[in-house]
Amino acid sequence: MIVIKKTKCILVLIALAIGLTGCNWRVSPEELLEPPKLFEEDERISSMLEESLSEDAKLENISSDQGLSAVKKSDIDGDGKNEVLVFYSKEQEGSLHMSVFEESGGSYEVVLEEEVPGRLFEEMMLADVTGDGLKELVINTSDKRSQTGRYKMSIYSYRKDPNKLFEIDYSKYVIYDLDKNGSSDIIILNQEERAISVDYYSFNRGSSQMEFISEDLLDKREVVDMSAVEREGGNARVALEFYSQTEEMERVFLELDAEGKLKSEEED
């Protein structure tokens, strides 16, 4: 058993109290130093973390629909039971890591350990990009040493043989089932100096890989927002909002053409 320093134990307990029991951030520093009250399951998770994390591991918060925390619980394999996802860095290596734990016989065991590219965790989400009814794990990171506004997306397929399915750099993105075929498409926007490139990726079930479908280049200024928009009776489309040369907000829509490729249209 790896012995964890007292300070680290306190940080583990705080992460569990905030990430798993629904506590909010409106607490005083003195209250944060008090041992949080945990449910029995959370106490077992805390013990699991103390035994599993190395001495130089530091828990790192990541945003998700569960809020901001370093420890998440989600059913990512569709078996009806929550896995425990832990996000941390190794200070000596300067690297980010993610571990997934499954409950087995009243205890937890590691089923996936991955080094995640980047310097800072940004966002975690679940999305079915393969169309098999099970959701993949999407991890977004950034390089906190730069101010480029560029990020990195890594997608992990969590099955009997977990693996990294996709990795790409981006400025903005949308993950959405544009063509209504049951799998979420990935639309990647990269902001260049004089233009914007938008790449469209979709999962190829024959090759079991994410496949580049098409690219659209836009002679526009910096995009300030990117979102999926539903249309009644048809495919969804992607809306890009940006400031024109007259500083007015304008929109461009990206939608699939008859060949299944992205095309852009100005808003009427």
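Because the structure is predicted, anything quoted here is derived from the model rather than measured.

Colleague: Residue-level account of the pattern of salt bridges, with values.
Modeller: One side chain can pair with another of opposite charge once the charged atoms of both are near each other. Within this structure, the stated rule accounts for eight salt bridges. The shortest N-O distance in the salt bridge between Glu230 and Lys180 comes to 2.5 Å. With Glu230 in the loop between β16 (223–229) and β17 (237–243) and Lys180 in the loop between β12 (172–176) and β13 (185–191), this pair connects stretches of sequence that are 50 residues apart. Glu241 is the salt-bridge partner of Arg251, the closest N and O atoms lying 3.5 Å from each other. Within this pair, whereas Arg251 is found in strand β18 (residues 249–256), its partner Glu241 is found in strand β17, the two being separated by ten residues in sequence. When salt bridges that share partners are traced, they join Lys152, Lys164, Glu167 and Asp169 into one network.

Colleague: How would you sum up the environment of Gly118? Please name residues and give values.
Modeller: Structurally, the position occupied by Gly118 is in the loop between β7 (107–116) and β8 (120–127). With a relative accessible area of 29%, Gly118 lands in the partly exposed category. Remark: the alpha-carbon pair of Gly118 and Gly94, spanning 24 residues in sequence, is separated by 9.5 Å. When sequence neighbours within four positions are dropped, the list of residues in contact with Gly118 reads Leu96, Thr141 and Ser142.

Colleague: If you had to explain a nonpolar patch on the surface to someone new, which residues and values would you point to?
Modeller: On the surface, Val224, Tyr243 and Met249 cluster together into a nonpolar patch covering about 250 Å² of accessible area. You can see Val224 is positioned in strand β16. Given a relative accessible area of 37%, Val224 falls into the partly exposed group.

Colleague: For the environment of Asp185, give the residues involved together with the corresponding values.
Modeller: Tracing the sequence through the fold places Asp185 in strand β13. Given the relative accessible area of 0%, Asp185 is considered buried. The contacts of Asp185, once residues within four sequence positions are left out, are Val174, Ile175, Tyr176, Asp177, Leu178, Asp179, Tyr200, Tyr201 and Ser202. Looking at Asp185, its side chain comes within polar contact range of the main-chain nitrogen of Leu178, at 2.9 Å.

What counts and what doesn't
- Residues numbered from 1 in each chain as written.
- Predicted model: local features only at pLDDT ≥ 70, side-chain atom pairs only at ≥ 80, totals over all residues.
- Heavy atoms only, no water.
- Salt bridge = Lys/Arg side-chain N within 4 Å of Asp/Glu carboxyl O.
- Helix = DSSP H or I, 4+ residues; strand = E, 2+ residues; numbered from the N terminus.
- Buried < 20%, exposed > 50% of the residue type's maximum accessible area, 1.4 Å probe, protein only.
- Contact = heavy atoms within 4.5 Å.
- Patch = residues over 30% accessible without salt bridge, like charges linked within 9 Å, V, L, I, M, F, W, Y side chains within 5 Å.
- Areas by Shrake-Rupley, 256 points an atom, 1.4 Å probe, with all protein chains shown as cover.
- Polar contact = N/O pair within 3.5 Å; in protein donor to acceptor, adjacent residues only side chain to side chain.

Just geometry here; none of it tells us what the structure is for.
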